[in-house]
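# An overview of the molecular structure
Below, each chain spelled out in residue letters.
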Amino acid sequence: MAAPPQVQGRAPAPALPTGRGIELLLLAFAAVIVTGALVIVEANQEQELTTTLLWLGLAYLGLFAAAHFAVRRWAPYADPLILPSVALLNGLGLVMIHRLDLADAARAAQLGNDAPGSLVLRQVAWTAIGLVLFVVVLWRVSDHRMLSRFGYTAGFAGLILLALPGILPSSISEVNGAKLWIRFGGVGIQPGEFAKILLIIFFSAFLVQKRELFSTAGRRFLGLEFPRARDLAPLVVAWGLSVGVLVFERDLGTSLLFFGILLVLLYAATERVSWMIVGLLFFVGGAVLAYNLFGHVRVRVQIWLDPFSDFQGGGYQLGQALFGLGTGGVGGTGLGAGRPDLVPFAESDFIWSSLGEELGLIGLAAILLVYLVLITRGLRSALAVRDSFGKLLATGLSYVMALQLFVVIGGVTKLIPLTGLTLPFLSYGGSSLVANYALVALLLRVSNAARAPLPQRPSVPQTPIAQAATELVQRPDLSSGESRGAQS
Amino acid sequence: MNNPVRKIAVSVMVMILLLFANLTYVQVVKADDYRNDPRNQRTAYAEYSRQRGQITADGKVLAQSVATDDRMRFLRQYPGGPAFASVTGYLSLSFGRTGIEGAADSVLNGTDDRLFVRRLSDLITGRDPRGGNVSLTIMPTVQQVAYNQLTQKGYAGSVVALDPKTGAILAMVSTPSFDPNPLASHNDKTVQDAWNSDNAAKPQVLLNRAISVPQPPGSTFKIVDTAAALQNGSTPDTVLPADPEITLNDGVTTLENYAHTPCGTGATTTLRDAFARSCNTAFADLVTSVGIDKLRTQADAFGIGQSDLKIPMTVAPSTIGNITTVTALQQSAIGQLDVKLTPLQNAMITAAVANGGQLMAPYLIKEIQGPELDTVDTTEPDRIGSAVPAGVAATLTDLMIGSENRTQGGGKISGVQIASKTGTAELGSKDIPPHAWYVAFAPADKPVVAIAVLVENGGDRGLEATGGSVAAPIGRAVIAEALKAGR
């Protein structure tokens, strides 16, 4: 992951490859894989080639072609691997949700009930909305640095969004015990998913401004420079925020996510490991506290330790997920040939076990690699971009996906206690999908800045030296003072 | 700040490696445990999509899997319905499997070791794996007659018919019965409704009365008393008291004959007459001379108390109870107190007498066949042991002929001599209609079928019921059908 050669201070380089052709090619490749997956599902489920199927394939192609042209138009130098990775993950998620729709319909037919509403059509609609937001973000946010001006605004908005479900009455905000929702009529959104991005913008802007403070003052202890107690304020605030989420919204995953992200941004901004150590101590303290104070946390830990001791009760979901994964084994049962629908919430929180049952370890490893490509491409943009705010922003946006991946997959596979988050782009869920598209748009914006050639200096007229005027060295049109970190 | 970003990237890779390592553990190392866990229904669902073998009896299909166009692929059907349910059992996705469906499951689903070679050839030829077939010893017409006999008057009860020479079970009926078809349905609501109504039914329908519920045998147990006495020096002419009522050994408890009648006209009677008339007082006296130990030895020799009997369904062990006093022995002699036999056990005792004293192990599976109906394994009759010497068996047969000839009730078959014993078992109080029993074999001189009939709680006669009036006609009809069918 070496940073690309810095082009600063050199003569204008020949036109850089934009990578847009590769992107289109990879998108087509993703379309082939997704369509193939859909055909296998249909074959294994002994379905006819329905018009719905055609509709789904066309919707997929159309949506991502549109996204591609938006990138071509507004972020021509953006990383070419990010969008195809997202498209592939989203497409596989749609196929799996469609496959679970078929299982639900078959089940309803068996029970003599009416067929339930199609989740996949809703998810396609959410994908479309997500891609619209994606295009809007690419179009309106022409330079990611302008976001740093709205740091505090973003932070304030993020806090409100995060706190809102906790304040609202449970009838509006509570689904399955977690108060994370705002529901109107049939549509529900999880504002926390959007708060995630807003708070990353805030933390990045804030830390860029104050990083001198956090990285210089301190005292040495055991060979490490530790921050002064009074500088711990932001950490304490973030910790309080996480605990607040845990207490008022009863959601372990979101709580964990926010704390982890701030910790990593703090570390990236200050380059001091001591922040991590202090943060981890806070985390351990918080975890012990939560375990002792909250019954639902203790229940989660019990289920994690032995899901099968209470198989008919709380351990059923995780137990069924493990049965599914085990039954899938190395090669999987084949798409459409397993019984992933036996796991409750197979299409949202537990889509990983659904994929694991039917695609096996091989399929899951491939999907993990796609995620790895997406995340490392984001981090690579962080390395390559020249401004500190961009670096922190791209790091935060990439890492939040990584952390979410770890928390969700770790939870479903009994590596860590189950928390109840969705997998970015794979899981069923509108808010998560739409918010993650905004996230990816920002990531593409940063990567565009990282890969675009420097603004061309105006060509210097070849005038005799005697008549030469004083040369103006153009300073990039920056409005706030973040050019400071450009050389780090 | 590129340095920390690189380290963060490394931490991301570590997280993904951790996830991968854990996935490998779950999907490779622990995979078999998870796959084969009994709580994992996925295996059962997969099994449903294979063609399960047939259960047949004498060419009649009792259970078969037919292809459907729904996703479960094969629907289990029971053409015999309730009449054969006590044999076939049921196969249900939600509620397990019973009867032959449960006991011969590995053959029917094709995983039995004896089908290994067929499985291998299916694998090589790429054919969908199929289950093996089970061919039963049941004679469908005999089973049907027995079922009709019990159900036409709405009796709760059981009939078991054995081939005394081999132990082959020719009929095994339990009523009221249930229809296994809805329980095997692919429609969950149908299954649930059937399950609910089957479980709510009174008397219970999912119970196999032939093998699962030992009941007091009443006077049919006098066969065992007599077998023990004949080996203890008694003869049919041994003199026994004929009082209508006696006081038992403890000086308190009284015991009386049926309807409080004396045993014949004289002051004393003989064993032959007491057996034919089923006199309780005489048998109380008879077993006192035999003693507890010899009676228990005789009961054991007839297979009572055997706890590991499988036909292949597990048979509930019968018992004579924990007899410690002479009074208890005298009460046990007439098949009361703690003596409890399953109808199958009572049929085994009768069959042993019919078979010259040799007790054969009862069995239902005649042969196991491959998917192409080729024979894979045939059950060889298995002798459990000698219950009584041949001479004693002959004397018992003689006494049972005497009993049959004194027994009323309809259905006597002209030209065929039956040897039998009736029983009317009280259930603790004279206000509860008694169980009516009839055990018999025929023809007496060359037995080909032995039966036990139990009609619970007096059938349609209430408190007036006796083995002779309620159970005997059913037994004779079953015997007649068995003889007609070439037994």
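Structure: above.
Per chain, the residues get numbers from 1 upward, laid out in the order the sequence is written. Naming scheme: in the order in which they are written, chains are lettered from A and ligands are numbered from 1. With the structure being a predicted model, the display of local features is reserved for residues of pLDDT at least 70 and the display and counting of side-chain atom pairs for 80 or more, all residues being used for whole-chain, interface and lining totals. Computation of side-chain values: all heavy atoms of the structure, hydrogens and water removed.

## What to know about the nonpolar core
One recurring pattern in soluble globular proteins: nonpolar side chains tend to sit buried together. We define the nonpolar core as a collection of buried residues of types Ala, Val, Leu, Ile, Met, Phe, Trp, Tyr and Cys that are connected through side-chain atoms lying within 4.5 Å of one another. Each residue gets one of three labels from its accessible area relative to the maximum for its type: buried under 20%, exposed over 50%, partly exposed in between, using a 1.4 Å probe on protein chains only. Counting 139 residues, the largest nonpolar core has Phe134, Trp352, Leu423, Phe425 and Leu426 of chain A together with Val12 of chain B as the members making the most contacts within it. Contacts are assigned to residue pairs that have any heavy atoms within 4.5 Å of one another. Not counting residues up to four positions away in its chain, the partners in contact with Leu423 of chain A are Ile351, Trp352, Tyr371, Leu405, Val408 and Ile409 of chain A. With 115 residues, the next largest nonpolar core counts Val87, Cys263, Ala352 and Ala387 of chain B among its residues.

## Notes on the packing of aromatic side chains
Stacked, tilted and edge-to-face are the three classes applied to pairs of Phe, Tyr and Trp rings, where Trp contributes its six-membered ring and a pair requires centres within 6.5 Å; stacked means planes under 30 degrees apart, edge-to-face means over 60, and tilted covers the rest. Under the counting rule described, the total for this entry stands at 18 aromatic pairs over all chains. Here Phe425 of chain A and Tyr437 of chain A contribute two aromatic rings whose centre-to-centre distance is 5.2 Å and whose plane-to-plane angle is 75 degrees, an arrangement assigned as edge-to-face. Note that Phe425 of chain A is positioned in the loop between α14 (388-412) and α15 (430-451) and Tyr437 of chain A in helix α15, a separation of twelve residues in sequence. The class of Tyr437 of chain A is buried, set by a relative accessible area of 0%. Taken together, the aromatic side chains of Phe308, Phe311, Tyr316 and Phe323 of chain A together with Tyr34 of chain B make up a single cluster linked through ring pairs. Criterion for a charge above a ring: Arg CZ or Lys NZ at most 6 Å from the ring centre, at most 35 degrees from the ring normal. The residue whose ring lies beneath Arg39 of chain B is Phe311 of chain A, and the NZ or CZ to ring-centre distance is 5.3 Å. The ring centre of Phe275 of chain B lies 5.7 Å from the NZ or CZ of Lys421 of chain B, which sits over that ring. Secondary structure elements follow DSSP: runs of H or I no shorter than four residues count as helices, runs of E no shorter than two count as strands, and numbering proceeds from the N terminus.

## Concerning helix α12 (residues 316-328) of chain A
Taking 1.5 Å per residue as the helical rise, α12 of chain A with its 13 residues ought to reach 18 Å, and the 18 Å between its terminal C-alpha atoms agrees with that figure. Counting buried positions over the 13 residues of α12 of chain A gives twelve, a clear majority of the element. Burial in α12 of chain A covers these residues: Gln317, Leu318, Gly319, Gln320, Ala321, Leu322, Phe323, Gly324, Leu325, Gly326, Thr327 and Gly328 of chain A. Packing partners of the buried residues in α12 of chain A comprise α11 (295-305), α13 (351-384) and α14 of chain A together with α1 (2-29), α2 (31-36) and α3 (42-48) of chain B. Looking one or two residues beyond α12 of chain A, the residue adopting positive phi is Gly329 of chain A, at roughly 60 degrees. Helices are assigned an expected span. That span is 1.5 Å times one less than the residue count.

## Some thoughts on the side chain of Arg445 of chain A
Residue and element names in this part refer to chain A. Inspection of the secondary structure puts Arg445 in helix α15. Neither His nor the chain termini are counted; the positive set is Lys and Arg, and the negative set is Asp and Glu. Basic side-chain nitrogens of Lys or Arg form a salt bridge, by our definition, when they fall within 4 Å of a carboxyl oxygen of Asp or Glu. Here Arg445 occupies a buried position and makes no salt bridge, while the nearest side chain of opposite charge, Asp143, is found at 6.8 Å. With sequence-adjacent residues up to four places away left out, Arg445 is seen in contact with Trp74, Ala75, Leu138, Val141, Ser142, Asp143 and His144.

## Overview of the pairing of strand β15 (residues 375-378) of chain B
Residue and element names in this part refer to chain B. Strands were regarded as paired on the criterion that DSSP finds at least two bridges between them. Pairing between strand β14 (residues 365-369) and β15: three bridges, direction antiparallel. Considered in β15, the bridge of Gln369 is made with Thr375. What sits between the antiparallel neighbours β14 and β15 is a turn of five residues, in which Leu373 has the positive phi angle 65 degrees.

## Quick word on the interface of chain A and chain B
With 59 residues of chain A in contact, the opposing surface of chain B contributes 37 residues. Buried area adds together the accessible area that both of two parts lose upon being put together, with accessible area traced by a 1.4 Å probe. Together chain A and chain B conceal approximately 4500 Å² of surface at their shared face, both sides included; 67% is due to carbon and sulfur atoms. Across the contact surface, chain A and chain B share one salt bridge. Between Arg42 of chain B and Glu357 of chain A there is a salt bridge, with its nearest N and O atoms 3.0 Å apart.

## A word on the sheet that holds strand β19 (residues 449-455) of chain B
Residue and element names in this part refer to chain B. Spatially, β8-β7-β19-β18-β17 is the arrangement adopted by the five strands of the open sheet, whose pairing is antiparallel. The strands lining the two open edges of the sheet, one partner per strand, are β8 (169-175) and β17 (419-425). The mean inter-strand angle of the sheet, taken between neighbouring strand axes irrespective of direction, is 5 degrees. Pairing geometry for strand β7 (residues 157-162) and β19, over six bridges, is antiparallel. What sits directly across from Leu162, in β19, is Ala450. Angles here are taken between N-to-C directions and fall from 0 to 180 degrees, while the axes themselves are lines fitted to C-alpha atoms, restricted in helices to the stretch in contact. In the packing of helix α19 (residues 467-484) onto the sheet, contacts are made with β7, β17, β18 (435-442) and β19, and the angle to β18 comes to roughly 30 degrees.

## Observations concerning the state of the cysteines
Residues and elements named next belong to chain B. Note on terminology: disulfide denotes any pair of cysteine sulfur atoms within 2.5 Å. Under the defined criterion, the tally for this structure stands at one disulfide over all chains. Covalent S-S linkage joins Cys263 and Cys279, the inter-sulfur distance amounting to 1.7 Å. Of note, the bridge from Cys263 to Cys279 carries an S-S torsion of about 85 degrees and is right-handed in sense. Here Cys279 lies in the loop between α13 (271-277) and α14 (280-290) and Cys263 lies in the loop between β11 (254-256) and β12 (268-270), a separation of 16 residues in the sequence. Looking at Cys263, the relative accessible area reads 1%, which means it is buried. A relative accessible area of 3% places Cys279 in the buried class.

Any functional reading would require information that these geometric values do not contain.
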